[in-house]
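Examining the three-dimensional arrangement
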Amino acid sequence: MNKADKIFAGSLKRGELGEEIFLSSFAGMKNVKKVYDARHSDKYQDMDIDFALDLRQKSKLIDSTHISVELKTDYTVHQNLYYEKYSCYELHTAGCMEKTKSDLLIYYYIRKNFFYVLKTDTFRDWVHVHSEDFRKNFKEERGRFGIYHKAGLLIPTSSIEAAYEDKKIIGKKVQVSDAFSNKRVAMLDDSSYCKIEILRD
């Protein structure tokens with residue numbers, strides 16, 4: 001495995017850690033009746049959806065008892081949210097946040113112990129309106145066919161919080177407990193946990 005492959009594998013494993021923490025936590029929430037793990041479904045991955053939830057009562061953010069979620073894990077300690085506009089700038093391939101069909105976007109700062117829950121469509125619309133206000137960011141990546149670049153925006157967390165306080169976007173900030181962030185959660189076979197169904201095509 002070359003250096004680029006090792007970096008990608010490490011990034012993937014870190015992302016999967018955040019996903020596993022949320023998968024366990026979704027399953028233990030009182031309002032969650034069933035969790036669908038869609039990470040292995042080509043159909044859902046094409047829509048950039050990681051999880052779907054059946055709720056006992058309607059969500060306050062989404063007027064439905066069935067919601068879909070795209071989860072992003074961020075290990076940085078900077079006060080920004082990285083909004084990926086292009087997964088490959090050279091080919092103008094839309095980034096995940098531009099094309100996700102999820103109801104909710106959850107952006108988890110694993111080192112800072114909090115996450116944002118954002119209604120995807122209102123957040124995306126707000127970013128489009130204010131895109132010129134945010135610093136642009138290019139990331140060099142090495143793929144199978146050579147070097148390419150991801151392109152996105154660095155959105156200050158203060159701007160996000162001001163926007164949902166002003167009701168320009170629908171969302172909230174959630175501070176997680178130490179138990180949650182350190183993954184000291186009950187095992188999935190605990191009787192208090194709901195059923196998790198893995199979706200595969």
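All of the points below concern the structure found in this document. (Residues numbered from 1 in each chain as written. Predicted model: local features only at pLDDT ≥ 70, side-chain atom pairs only at ≥ 80, totals over all residues. Heavy atoms only, no water.)

As a further point, take the side chain of Lys119. Examined against the element boundaries, Lys119 turns out to sit in strand E7 (residues 114-119). Filtering out sequence-adjacent residues up to four positions away, Lys119 remains in contact with Leu61, Ile62, Asp103, Leu104 and Ile170. (Helix = DSSP H or I, 4+ residues; strand = E, 2+ residues; numbered from the N terminus. Contact = heavy atoms within 4.5 Å.)

Once that is clear, we can look at the pattern of salt bridges. Throughout the structure, instances matching the rule amount to 9 salt bridges. Arg39 is the partner of Asp37 in a salt bridge, and the nearest nitrogen-oxygen pair spans 2.8 Å. Residue classification places Asp37 among the buried positions, given a relative accessible area of 3%. Owing to a relative accessible area of 16%, Arg39 belongs among the buried residues under this scheme. In this structure, Lys99 engages Asp48 in a salt bridge whose closest nitrogen and oxygen atoms are separated by 2.5 Å. Linking Lys99 in helix H3 (residues 96-99) with Asp48 in the loop between helix H2 (42-46) and strand E2 (51-55), this pair joins segments that are 51 residues apart in sequence. Look at Lys99 and you get partly exposed, because its relative accessible area is 34%. Asp48 sits in the buried class, given a relative accessible area of 11%. (Salt bridge = Lys/Arg side-chain N within 4 Å of Asp/Glu carboxyl O. Buried < 20%, exposed > 50% of the residue type's maximum accessible area, 1.4 Å probe, protein only.)

On to the environment of Lys43, then. Position of Lys43 among the secondary structure elements: in helix H2. Given the relative accessible area of 53%, Lys43 is considered exposed. When the C-alpha positions of Lys43 and Arg200 are compared, they lie 8.5 Å apart, and in sequence the two are 157 residues distant.

For the rest of this paragraph, the subject is helix H4 (residues 120-130). Regarding H4, the residues found buried are Thr120, Thr122, Phe123, Arg124, Trp126 and Val127. Those residues of H4 that are buried lie in contact with strand E4 (80-88), H3, strand E6 (104-109), E7, strand E9 (146-156) and helix H5 (157-165).

The next subject is the packing of aromatic side chains. Per the stated rule, a full pass over the model turns up 11 aromatic pairs. Centroid distance Tyr107 to Tyr109: 5.1 Å. Interplanar angle 55 degrees. Geometry classified as tilted. Of the two residues examined, Tyr107 and Tyr109, each falls in the buried class. We note Lys139 situated over the ring of Tyr82; from NZ or CZ to the ring centre the distance is 3.9 Å. Directly above the ring of Phe114 sits Lys173, whose terminal nitrogen or CZ lies 4.3 Å from the centroid. (Phe/Tyr/Trp six-rings, centres within 6.5 Å; stacked < 30°, edge-to-face > 60°. Lys NZ or Arg CZ within 6 Å of the ring centre and 35° of its normal.)

Just geometry here; none of it tells us what the structure is for.
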